[in-house]
Amino acid sequence: MGGLLCYPARMKSKRYETSAAALDAARKAGCLSDGIQVMVGGFGLCGIPEKLIEALRDSGAKDLTCVSNNAGVDDFGLGLLLQTRQIRKMISSYVGENAIFEKQFIDGELEVEFNPQGTLAERVRAGGAGIPAFFTATGVGTQVAEGKETREFEFPAGSGRKRAYVMETGLWGKLALVKAWKADGAGNLIYRMTARNFNPMMATAAEFTIAEVEEFVETGSLDPDQVHTPGAYIDAVVVTKPEKRIEQRTVRK
Amino acid sequence: MPLDRDQITKRAARELQDGFVVNLGIGMPTLVANHIPDGVDVWLQSENGLLGMGPFPTEDKIDPDLINAGKQTITARKGAAFFSSSDSFAMIRGGHIDIAILGAMEISQEGDIANWMIPGKMIKGMGGAMDLVAGVKKVVVTMEHCNRKGDSKIVKECTLPLTGLRCIDMVITDLCVLKMDYDKRRFRLIEVAPGVTKQEVIEKTDAEILTDREPLEMAV
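Here the structure is a predicted model, which is why all the values come from computation and not from measurement. (Residues numbered from 1 in each chain as written. Chains lettered and ligands numbered in written order. Predicted model: local features only at pLDDT ≥ 70, side-chain atom pairs only at ≥ 80, totals over all residues. Heavy atoms only, no water.)

### Section: the overall build of chain B
Let me state the cut-off plainly: Each helix is a run of DSSP H or I of at least 4 residues and each strand a run of E of at least 2, with the numbering of both proceeding from the N terminus. Just to be clear, the radius of gyration here is over C-alpha atoms, and the globule rule we use is 2.2 Å times residues to the power 0.38. Buried means the residue's accessible area, taken with a 1.4 Å probe over protein chains only, is under 20% of the maximum for its type, while exposed means over 50%, and partly exposed covers the values in between.
Looking only at helices and strands, chain B features four helices and 13 strands. In terms of C-alpha radius of gyration, chain B reaches 17 Å, essentially the compact-globule figure of 17 Å for 220 residues. Structurally, chain B occupies a C-alpha span of about 50 × 40 × 35 Å along its principal axes. Within the span of chain B, comprising 220 residues, buried residues form 58% of the whole.

### Here's the deal with the overall build of chain A
Note the threshold: Only the protein chains shown count as cover for residues, and all accessible areas are computed by the Shrake-Rupley method using a 1.4 Å probe. As used throughout, the charge tally considers Lys and Arg to be positive and Asp and Glu to be negative, leaving His and the chain termini uncounted. The atom standing in for a charge is NZ when the residue is Lys, CZ when it is Arg, CG when it is Asp and CD when it is Glu.
Secondary structure summary: chain A contains seven helices and 12 strands in total. Computed over the C-alpha atoms, the radius of gyration of chain A is 19 Å, within 12% of the 18 Å expected from 2.2 N^0.38 for a compact globule of 253 residues. If one aligns the C-alpha atoms of chain A with their principal axes, the spans along those axes are about 60 × 50 × 50 Å. Across the 253 residues in chain A, those meeting the buried criterion constitute 52%. Of the roughly 11,200 Å² that chain A leaves accessible, carbon and sulfur atoms contribute 50%. Of note, chain A has its 31 positive side-chain charges centred 3 Å away from the centre of its 32 negative side-chain charges.

### Overview of the nonpolar core
Our working definition: Nonpolar cores were defined as sets of buried Ala, Val, Leu, Ile, Met, Phe, Trp, Tyr and Cys residues, with membership established by side-chain atoms within 4.5 Å. Whether two residues are in contact is decided by their heavy atoms, any of which lying within 4.5 Å being enough.
One finds Ile107, Ile168 and Val171 of chain B to be the most contacted residues of the largest nonpolar core, which totals 58 residues. Residues in contact with Val171 of chain B, not counting those within four places in the same chain, are Ile107, Val141, Met143, Ile154, Cys176, Val177, Leu178 and Phe187 of chain B. Membership of the second largest hydrophobic core comes to 39 residues, among which are Leu78, Ile87, Ile210 and Val238 of chain A.

### Here's the deal with the interface of chain B and chain A
Quick reminder of the rule: When two components associate, each loses some accessible surface as probed by a 1.4 Å sphere; the sum of these losses over both components is called the buried area. Here a salt bridge means any side-chain nitrogen of Lys or Arg lying within 4 Å of a carboxyl oxygen belonging to Asp or Glu.
Each side of the interface is counted separately: chain B has 46 residues, and chain A has 50 residues. Interface area, chain B with chain A, both sides summed: about 4,000 Å², of which 61% is carbon and sulfur. Three residues stand out in chain B for area buried against chain A, namely Asp65, Lys71 and Met122 of chain B, and they jointly supply 19% of the buried area on that side. Remark: the boundary between chain B and chain A carries four salt bridges. Of the charged contacts in the structure, one is a salt bridge between Arg192 of chain A and Asp63 of chain B, with a shortest N-O distance of 2.5 Å.

### Observations regarding the sheet that holds strand β6 (residues 106-108) of chain B
Each strand in a sheet pairs with another by means of backbone hydrogen bonds, the pair being arranged parallel or else antiparallel. Residues and elements named next belong to chain B. To be explicit about the condition: Note: two strands are recorded as paired if DSSP finds a minimum of 2 bridges between them.
Taken in spatial order, the three strands make up an open sheet running β7-β6-β9, and their pairing is mixed. With partners counted over all chains shown, the strands left at the sheet margins are β7 (113-114) and β9 (154-155), one partner each. Sheet topology places β6 next to β7; two bridges connect them, and they run antiparallel. Along β7, the bridge assignment pairs Glu106 with Ala114.

### Quick notes on the domain arrangement of chain A
Residues and elements named next belong to chain A. As a reminder of what qualifies: For every domain, the bounds stem from an assignment made automatically or drawn from a database. Under this definition, polar contacts are N or O atom pairs within 3.5 Å; protein pairs additionally need one hydrogen-donor-capable and one acceptor-capable atom, and for neighbouring residues in sequence, both atoms have to be side-chain atoms. By the convention adopted, Pro, Cys, Tyr, Trp, Phe, Met, Ile, Leu, Val and Ala count as nonpolar, Lys, Arg, Asp and Glu as charged, and the other residues, Gly among them, as polar.
Each assigned domain of chain A is listed here: domain 1 (15-132 + 170-239) and domain 2 (133-169). Here the C-alpha centroids of domain 1 and domain 2 sit 29 Å apart. Taken residue by residue, the interface counts nine residues in domain 1 and seven residues in domain 2. Buried area between domain 1 and domain 2, both sides added, is near 650 Å², and the carbon and sulfur share of it is 60%. On the domain 1 side of the interface with domain 2, the three residues burying the most area are Pro116, Thr119 and Arg123, jointly 54% of the side's total. For the pair domain 1 and domain 2, the number of links is zero salt bridges. In this assembly, domain 1 and domain 2 are joined by two residue pairs in polar contact (both at pLDDT 80 or more). Classifying every residue of the side of domain 1 that touches domain 2 by side-chain character gives five nonpolar, two polar and two charged.

### Let's talk about the sheet that holds strand β11 (residues 176-181) of chain B
Residues and elements named next belong to chain B. Pairing in this open sheet of 10 strands is mixed, and the strands run β4-β3-β2-β1-β5-β8-β10-β11-β12-β13 from one edge to the other. Sheet topology places β4 (76-82) and β13 (216-217) at the edges, where each strand pairs with a single neighbour. The pairing of strand β3 (residues 50-53) with β4 spans three bridges and is antiparallel. Bridge assignment links Met53 to a residue of β4, and that residue is Ala76.

### Overview of the pattern of salt bridges
Counted according to the given criterion, the structure contains 35 salt bridges over all chains. One network of salt bridges, in which partners are shared, links Lys179, Arg192, Glu214 and Lys244 of chain A together with Asp63 and Asp65 of chain B.

Quick look at the structure:
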């Protein structure tokens, strides 16, 4: 019994030496091939799994559908996968900063499904939580609601406030690539400041989730009260030295 | 004299109350932060996952992990909190934000808003705009009254694709302040810019608006 009181040595650490090795593990698990849906964390260039994206490019997987709030810039983040035409479809809320994206979209090479940002976040959260669909007021009466079921609810119940809501579906992928600050061998993650953004939801919504982190710590040294993503969601961890590019460097005058 | 962007946002800042949780849209609305009245302390929410946004950093305090929804480097004030995007939009959709101040391309007389795409132009996406107008308790629009061609941006019915239906509570322009009368489902003219007449606002507004009360002069 005594062995169960500490982190058992027989429990394998989820750490991989390189991003390529972690993606290989995903491939062996049947979660990396052409045509898959990939969930990618980040907001703009903040908190993106930048080295995992490079490794995904190098893997050569193509016809990908990427679920990601944004599409990077021309030469960084998901822009790298657009350059090599590995992405067939994007599910995003805002893609304004990318000229390659614009060209492929206008030329009809790239399909884009725009989601309101909160709807996108909730669709991923729902997918990861095993919820196939939900109703939201966001987008009612707009293009976003076209072709979707709309229903009136009194909410909160008994309030007399009736309103139309549109049904949105949960999202789920074969592979998720996320960026965190710290991880331990059990795969527990802690994010840093606004680099958290979409990462916690993306981490839950795939068959195989890889976390790119800046710091790997001994299992047991993260305060359990401070863990943002519990290790159950994480299949592989890679330590990298990210560039962390800034999109809009703004300083006080 | 029509107001400039600074004066429009100064008027908008007077809608803020002490302790409010506030979301400011990209562009002109961000200037509201420069005009928060003395004695009023608000929590600025940034939808990428921060409540308690501070000013822009000094050069030595720049951190790539700390940005606002416009992707600009910022700081977090004392008492700030970080959270995920789904928590952020739970806050927005769930009615926990007191006021959102946004820009717009068109506002309809019933309070519909269009501000995310122009057909034929590159579509960048709606970002968080649809969630904000659907979920925030009070939605205020700051914008120029007319577009560059001189046409009214306050119209009978929006011609551009909608961001939200019947969701705008107040419109503050370079000419006036309009406030929604929810029973009549029309905006009422409540204030005019110094030197602007009620008649001028009526002439420059395509929408049907209520002018049954003498408008006050905007304090700017």
